[in-house]
Amino acid sequence: MIHDPAATAEEEHTLMSENTTNDTASTDASVRLTHETFGDDPQVAVGLMADDAKVAARTLATATRSRKDAALLHIAEAIEKSSERIIEANRRDIDRGRENGTSSALLDRLELDEARIKGLADSLRELAALPDPVGTMVRGETLANGLRMRQVRVPMGVVGAIYEARPNVTVDIAGIALKSGNAVLLRGGSAAAESNRVLVGLIRDALADKRLPVDIVQTVDDYGRDGATALMSARGKVDVLIPRGGRGLIQSVVQNATVPVIETGEGNVHVFIDASASEKMAVEVAVNAKTHRTSTCNTAETLLLHKDSTAGAAVLEALIKAGVTLHVDERAAQLLPSGADQPAATEEDWETEYLDMHMAVKVVDSLDEALEHIEKYTTRHTEAIVTNDLAASEKFIASIDAAAVMVNASTRFTDGGQLGLGAEIGISTQMMHARGPMGLEELTTTKWIVQGDGHIRP
């Protein structure tokens, strides 16, 4: 049933409630994602979509694990079978981005090829293989008065996501939401509009095939920035909002949203090469952390070298050979290979998340100086030390305030898939229940269940 754009909000809500059933959906589910369905007022439209999402979430909350896993596997299969269609749509986004002068870092995040599409499908299969968090008991006991108490995991309900140039997030958050019993409203941004339109359509059609509510996954992209603004102000309809993108996007959501926000942070990530670090390990970790994929938030942006490290010169030479431009302080400049002309570091370099083949380099006198520098400039995402000194590693772990701390490992491991979560929504840098890579459990909250035998409080 199609909504009449001229109908009142109440009438449209009634029509939408009729259209959202527990087990049936249109065979072309993506058709509903138009102005003809919800009208032209973004605030009204997003409110109606959130109402539909709430209905869908109630159904999903009682779905069995086998039913959710079957849907995840079906979505994975649909994405792989439609790879040519996805790549064609993605190519239009890439071409438009190049014409608009989009940075190479954002184009890299935006691009989908056969390998990345397979990775998206594989992440959904990994989610299907993970335990279902819904209903898991966090704690439980029988109290002294005979009351039986349990705290169990339950879905959050309706999750909003605002992100840019990341079509992989469309699949990741839809999959995580499905497995954890939540519905999602997506704002994927204009840069990935063609890619996201195809992906959302495939996901919704796959849900319909498995007789799950298609409104588990919806997008507000047709309403542009006004849709994002409406999503941020849908307090009482959207239970939590997750922004993922650059500093500007994240801060805009944090500062303007009335919906509770889980903040995902930018990554001004440091690697500290301690005096005891072996040259081989220092080179391999530093180069991987910087060059493995420069456009990600877990890529290293600043290298700190202990003044007594024997690995410093080799690390800098390896980074330059890999194509990295080094922004060096005076002492680091003395370690550069002969003839290597690299720019001098400025205060801005210590603060910069390059997301490109650039890296700031500083020589420090001690572990304590390294910790002071990190504390001043960290975004509390990921920090790493390369060392052969147990005491140094333990002090680094205890002193660093970040979502993830790496010892003798690349910062690129701060990733849901790498840490066994199957997929992630983002990396939370906040001091709350979700910190670091956010997977299934981070999209649940808890409910207390207390059972008695006619107990009354004395």
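Since this is a predicted model, take the numbers as computed values, not measurements. (Residues numbered from 1 in each chain as written. Predicted model: local features only at pLDDT ≥ 70, side-chain atom pairs only at ≥ 80, totals over all residues. Heavy atoms only, no water.)

1. Observations regarding the nonpolar core
Put simply, the rule reads: Grouping buried Ala, Val, Leu, Ile, Met, Phe, Trp, Tyr and Cys residues that are joined through side-chain atoms within 4.5 Å yields what is termed a nonpolar core. Each residue is placed in one exposure class: buried if its accessible area under a 1.4 Å probe, protein chains only, is under 20% of its type's maximum, exposed if it is over 50%, and partly exposed if it falls in between. Should any heavy atoms of two residues lie within 4.5 Å, those residues are considered in contact.
In terms of nonpolar packing, the biggest core is built from 49 residues, with Leu-178, Leu-207 and Val-217 touching the most fellow members. When near neighbours in sequence (up to four residues on either side) are disregarded, Leu-207 contacts Ala-71, Ile-75, Leu-178, Leu-212, Pro-213, Val-214, Ile-216 and Val-217. The next biggest cluster of nonpolar side chains, apart from the first, holds 31 residues, and it includes Val-269, Leu-326, Leu-336 and Val-363.

2. Topic: the packing of helix α4 (residues 65-81) against helix α9 (residues 193-209)
Put simply, the rule is: Here the axes come from fitting lines to C-alpha atoms, over the contacting stretch only for helices, and the angles between their N-to-C directions go from 0 to 180 degrees. Counting from the N terminus, the helices are the DSSP runs of H or I reaching at least four residues and the strands are the DSSP runs of E reaching at least two. Each angle receives one of four descriptions, namely roughly parallel if under 35 degrees, roughly antiparallel if over 145, roughly perpendicular if within 65 to 115, and oblique otherwise. Definitions for this section: a left-handed crossing has its near helix turned counterclockwise from the far helix by less than a right angle. A right-handed crossing has that turn clockwise. Side-chain classes follow a simple rule in which Ala, Val, Leu, Ile, Met, Phe, Trp, Tyr, Cys and Pro form the nonpolar group, Asp, Glu, Lys and Arg form the charged group, and the remainder, Gly included, forms the polar group.
Interhelical geometry of α4 versus α9 gives an angle of 135° and a closest axis separation of 9 Å. On the basis of their axis angle, the class for α4 and α9 is oblique. Between α4 and α9 the crossing geometry is right-handed. Listed contacts from α9 to Ala-71, His-74, Ile-75 and Ala-78 of α4 are Leu-202, Ile-203, Ala-206, Leu-207 and Asp-209. Residues of the contact of α4 with α9, tallied by class, amount to 7 nonpolar, 1 polar and 1 charged.

3. A few points about helix α5 (residues 83-99)
This is how it is decided: For a helix, the expected span equals 1.5 Å multiplied by the residue count minus one. Directions from the helix axis toward the C-beta atoms define the arc.
Compared with the 24 Å implied by 1.5 Å per residue over 17 residues, the 24 Å span of α5 between its first and last C-alpha is a close match. Listing the buried residues of α5 in full gives Ser-83, Ile-86, Ala-89, Asn-90, Asp-93, Ile-94 and Gly-97. The buried residues of α5 all sit within an arc of 145° when viewed along its axis, so they share a single face. Opposite the buried face of α5, at more than 90 degrees from it, the exposed residues are Glu-84, Arg-98 and Glu-99. Where the residues of α5 are buried, they touch α4, α6 (104-110), α7 (114-129), α8 (167-180) and α9. Gly-101, located one to two residues past α5, shows a positive phi value of around 80°.

4. Considering the pairing of strand β4 (residues 183-187)
Here is the rule we go by: Pairing between two strands is assigned when DSSP locates at least 2 bridges connecting them. Seen with its strands pointing away from the viewer, a crossover is right-handed if its path from the first strand over the helix to the second goes clockwise.
By the criterion of burial, β4 is predominantly enclosed, with 5 of the 5 residues buried. Neither face of β4 is exposed, since Ala-183, Leu-185 and Arg-187 on one face and Val-184 and Leu-186 on the opposite face are all buried. Note that strand β3 (residues 158-163) and β4 share 5 bridges and pair parallel. Considered in β4, the bridge of Ala-161 is made with Leu-186. Considered for its hand, the β-α-β crossover made up of β3, α8 and β4 is right-handed.

5. A closer look at the UniProt feature "domain: Aldehyde dehydrogenase" (unreviewed entry) in the chain
Quick note on the threshold: UniProt positions are given in the numbering used here, feature names are shortened, and annotations may be inferred rather than shown by experiment.
Cross-referencing UniProt, the feature "domain: Aldehyde dehydrogenase" (unreviewed entry) maps to residues 46-330 in the present numbering. Each end of residues 46-330 is marked by a C-alpha atom, and these two atoms are 54 Å apart; helix forms 52% of the span and strand 17%.

6. Here we look at the side chain of Thr-444
To be explicit about the condition: In the analysis that follows, any N or O atom pair within 3.5 Å is treated as a polar contact, provided that within protein one partner can donate a hydrogen and the other can accept it, and provided that, for residues neighboring in sequence, both atoms belong to side chains.
With respect to the helices, strands and loops of the structure, Thr-444 is situated in strand β15 (residues 444-451). Polar side-chain contacts of Thr-444 include one of 3.3 Å to the side chain of Arg-153. A polar contact is formed between the side chain of Thr-444 and the backbone oxygen of Glu-441, at a distance of 2.6 Å. Ignoring sequence-local partners within four residues, the contact set of Thr-444 consists of Pro-133, Arg-153, Val-154, Met-156, Ser-180 and His-433.

7. Considering the pairing of strand β11 (residues 382-386)
Remember that side chains alternate between the two faces of the sheet whenever the strand is regular. Across the 5 residues of β11, 5 count as buried, placing the element largely inside the fold. Of the two faces of β11, the one holding Thr-382, Ala-384 and Val-386 and the one holding Glu-383 and Ile-385 are both buried throughout. As defined by bridge partners, strand β7 (residues 269-273) adjoins β11 across 4 bridges and the pair is classed as parallel. Directly across from Phe-272, in β11, lies its bridge partner Ile-385. Pairing of β11 with strand β12 (residues 404-407) involves 4 bridges; the strand directions are parallel.

8. Some points on the packing of α4 against α7
Packing of α4 against α7 leaves a shortest axis separation of 9 Å and a crossing angle of 170°. Of the possible angle classes, the one that applies to α4 and α7 is roughly antiparallel. Touching Arg-65, Asp-69, Leu-72, Leu-73, Ile-75, Ala-76, Glu-77, Ile-79 and Glu-80 of α4 are Ile-117, Lys-118, Ala-121, Asp-122, Leu-124, Arg-125, Leu-127, Ala-128 and Ala-129, all from α7. For the contact of α4 with α7, a count of residues per class yields 11 nonpolar, no polar and 7 charged.

9. Details of the environment of Thr-411
Along the polypeptide, Thr-411 turns up in the loop between β12 and β13 (427-428). Since its relative accessible area comes to 0%, Thr-411 is described here as buried. Sequence spacing of Thr-411 and Ala-289 is 122 residues, and the spatial spacing of their C-alpha atoms is 5.4 Å. Leave out the neighbours within four places in its chain, and Thr-411 touches Val-269, His-270, Val-271, Ala-289, Asn-298, Thr-299, Ala-300, Thr-382, Ala-384 and Met-406. In terms of polar contacts, Thr-411 uses its side chain to reach the backbone carbonyl oxygen of Asn-298, at 2.7 Å.

10. Things to note about the sheet that holds strand β8 (residues 300-306)
Strands belonging to one sheet form pairs held by backbone hydrogen bonds; the direction of such a pair is parallel or antiparallel. Here we have 6 strands laid out as an open sheet, ordered β9-β10-β8-β7-β11-β12, and parallel in their pairing. At either margin of the open sheet sits one strand with a lone partner, and together these are β9 (325-328) and β12. Looking at each pair of strands side by side, their axes are set apart by 20° on average, direction ignored. Bridge count for β8 against strand β10 (residues 358-364) is 5 bridges, and the pairing is parallel. Its bridge partner lying in β10, His-306 is registered against Val-364.

11. Considering the side chain of Thr-414
Relative to the helices and strands, Thr-414 resides in the loop between β12 and β13. Only 2.9 Å separates the side chain of Thr-414 from the side chain of Thr-382, close enough to count as a polar contact. Dropping the residues within four chain positions of it, Thr-414 is found in contact with Asn-298, His-381, Thr-382, Ala-404, Met-406, Ile-427 and Pro-437.

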